[in-house]
Amino acid sequence: MDRTNPRRALSRREWLKLSASGVAAASASGWFETLASGAAADPTRRRSCILLWMAGGPSQIDTFDPKPGHENGGSTRAIATSVPGLRIAEHLPRLATKADDLAVIRSMTTKEGDHGRATYLLRTGYAPNGPIRYPALGALVAKEMERPDDELPNFISVGPVRGFNAAAYGPGFLGPKYAPLIVGDRPLGVVQQRPGGPTPLRVEDMDAPPGIALARADDRLGLLEGLDSDFLARRPVGPASSHRSAYERAVRMVRSKAVEAFDLDDEPAVLRDAYGRNDFGQGCLLARRLIERGVPFVEVSLSRIDGSPTATWDSHQQNHDAVSRLCGVLDPAWSTLMDDLRARGLLESTLVIWMGEFGRTPKINERGGRDHFPSAWSTVLAGGGIKGGQAYGRTSRDGATVEDGAVTVPDLMATICTTLGIDPQVQNDSGLGRPIRIADPQGKPIAQVLA
């Protein structure tokens, strides 16, 4: 590796060689390599979670539960994977080679067919009812895994599409201390393709205002602290304290070296190409860099192909073309993420979740699309703590019903928590005099997918 030129592109042969070694450090920065290898070898390293959130509700039949030979299967073919007998849709050929690490859950079932309500349910574990503001999964994990000396936020959301239900992305009753750091927020509607490539994934307001030197900024922070102190002395707990804690953490992050995680230019071109030069691909690369630095929960969203009104997971029309194009983004990004995590010794401690808010109807409508379908659909768990190489649950031949191993949202939440070493029955104060468990008590972890 040429350490004199940290941005030189590695050849594919070099990348594969480094990957095979298991200690690959694709960055040429000496600081980065030391930090990365140290993090992977740290026996006290926390488990981490990367949520690949498919906003809009992807078709299960055209991804992980194909139905070849049935009219509901449409034109999508099933392909073999690295696991004998386990077949997935043809649109995910690279991921098919990683099936040993995947637990495909084909028996998800809920009753929420509305985008807003289903998004809230899957992201918080609870349906939106009454005055209680439930926290997103990322906020719950952040609270359970926080450390006083963390320099980066414990919940980072990359490219979220919050239009269906913004509250489903927030910290709810846990307060602003556990709110996500948003990177590259995206609108719900069609986004025009940006000339020259994806939108840079930057954190807003990282630099001091023009003309404000560090010493002057420190003076301003000291003034703010003085103004807050009396107020906080009378209110040591609650929203005021949570807000103050979030503010202090933001200042600590801005002034830390760990903030360099957001500079993807530190990565070699061949690796960035492998992830895909698009928002989702580069977001997955950013997720790996953040996990490597100890962030316990990162989510990356994929909703549509920029510039296309029809290439969306919400595929009410032209479903097969939309899914094919979206999988063209998903497949290289996700499979490279798995390789990258494994090469750095991080896959064993990182849970990767793939899911949306619901599935799509097995029956193809008159516009060649599939509509909302919460009765029988798929999610995937992979990586640390998961027994890969299997499909859990089964749907009927036409895909309309779950025939075996029905999985509810509380079951899924309990499984995720257990995998991360979090007790799903931990209770948090809702702020309304009612303790709320992380996962609904009715949920049971899926023992068959736990390693």
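These numbers come from a predicted model, not from an experiment.

What follows is about the overall build of the chain. A tally of helices and strands in the chain yields 11 helices and 16 strands. Expressed as a percentage of its 451 residues, the buried residues of the chain come to 55%. Pairs at least 24 apart in sequence give 73% of the contacts found in the chain among residues at least 6 apart.

Turning next to the pairing of strand β4 (residues 102-108). Most of β4 is tucked away: seven of the seven residues are buried. Bridge count for β4 against strand β11 (residues 377-383) is five bridges, and the pairing is antiparallel. The residue bridging Leu 102 from the neighbouring strand is Ala 382, located in β11. Note: β4 against strand β12 (residues 390-392), three bridges, orientation parallel. Pairing of Ile 105 across the sheet is with Tyr 392, part of β12.

Glancing now at the pattern of salt bridges. All chains considered together, the criterion is met by 21 salt bridges. Residue Arg 344 pairs with Asp 340 through a salt bridge whose shortest N-O separation is 2.8 Å. Among the residues examined, Arg 344 registers a relative accessible area of 4% and is labelled buried. Assessed through its relative accessible area of 0%, Asp 340 is described here as buried. Among the ionic contacts, a cluster of salt bridges with common partners joins Asp 266, Glu 267, Arg 288, Arg 289, Glu 292, Asp 340 and Arg 344.

As a further point, take the pairing of strand β8 (residues 350-355). In terms of burial, β8 is a largely internal element, six of the six residues being buried. Residues Thr 350, Val 352 and Trp 354 line one face of β8 and the alternating positions Leu 351, Ile 353 and Met 355 line the opposite face, and both faces are buried. One ladder, built from six bridges, connects strand β1 (residues 48-53) with β8; its direction is parallel. Bridge pairing in β8 links Ile 50 to Val 352. Pairing of β8 with β11, which is carried by four bridges, proceeds in the antiparallel orientation.

The geometry of an aromatic ring pair comes down to the distance between the two centres and the angle between the two planes. Tallied over the full model, the rule gives seven aromatic pairs. Ring centres of Tyr 126 and Tyr 134 lie 4.4 Å apart, and the angle between their planes is 10°; on these two criteria the pair is classed as stacked. According to the relative accessible area criterion, Tyr 126 is buried, its value standing at 12%. Accessibility expressed as a relative area gives 6% for Tyr 134, which makes it buried.

All right, on to the sheet that holds strand β7 (residues 297-301) then. Pairing is mixed across the open sheet formed by eight strands, whose spatial order is β6-β5-β7-β1-β8-β11-β4-β12. Unpaired on one side and paired on the other, β6 (181-183) and β12 mark the two borders of the sheet. Across the sheet, the mean angle separating the axes of adjacent strands is 15° when strand polarity is ignored. Against the sheet, helix α4 (residues 115-124) makes contact with β1, β4, β7, β8 and β11, and its axis sits at roughly 165° relative to β1, the strand it touches most.

In this structure, Gln 318 is a non-glycine residue whose phi angle is positive, near 50°. By relative accessible area, Gln 318 is classed as partly exposed at 40%.

Within the fold, Met 108 resides in strand β4. The residues contacting Met 108, other than those within four sequence positions of it, are Leu 122, Pro 374, Ser 375, Ala 376, Trp 377, Ser 378, Thr 379, Val 402, Val 407, Thr 408, Val 409 and Leu 412.

Let's shift gears to the nonpolar core. When a protein is soluble and globular, its nonpolar side chains tend to lie buried together. Counting residues in hydrophobic clusters, the biggest one holds 56 residues, and the most contacted among them are Leu 52, Phe 64, Phe 262, Phe 280, Leu 290, Leu 330 and Trp 334. Sorting elements by how many residues they give to this core places helix α10 (residues 319-343) first, with 10 residues. Contact partners of Phe 262, with chain neighbours within four places excluded, come to Leu 152, Ile 156, Leu 181, Val 183, Leu 201, Val 203, Leu 286 and Leu 290. Ala 103, Leu 140, Met 145 and Leu 420 belong to the second largest nonpolar core, which has 50 residues in total.

We now examine the confidence of the model for the chain. Per-residue confidence for the chain gives a mean pLDDT of 86, with 80% of residues at or over 70. Contacts of residues 1-10 to residues separated by more than four positions or lying in other chains number 22 contacts, the stretch itself having pLDDT below 50. With pLDDT under 50 throughout, residues 20-33 is counted as low confidence; its partners more than four residues away or in other chains account for 43 contacts.

Scoring rules and cut-offs
- Residues numbered from 1 in each chain as written.
- Predicted model: local features only at pLDDT ≥ 70, side-chain atom pairs only at ≥ 80, totals over all residues.
- Heavy atoms only, no water.
- Helix = DSSP H or I, 4+ residues; strand = E, 2+ residues; numbered from the N terminus.
- Buried < 20%, exposed > 50% of the residue type's maximum accessible area, 1.4 Å probe, protein only.
- Contact = heavy atoms within 4.5 Å.
- Pairing = 2+ DSSP bridges.
- Salt bridge = Lys/Arg side-chain N within 4 Å of Asp/Glu carboxyl O.
- Phe/Tyr/Trp six-rings, centres within 6.5 Å; stacked < 30°, edge-to-face > 60°.
- Axes fitted to C-alpha atoms, helices over the stretch in contact; angles between N-to-C directions.
- Core = buried A, V, L, I, M, F, W, Y, C linked by side-chain atoms within 4.5 Å.
- pLDDT = per-residue confidence, 0-100.

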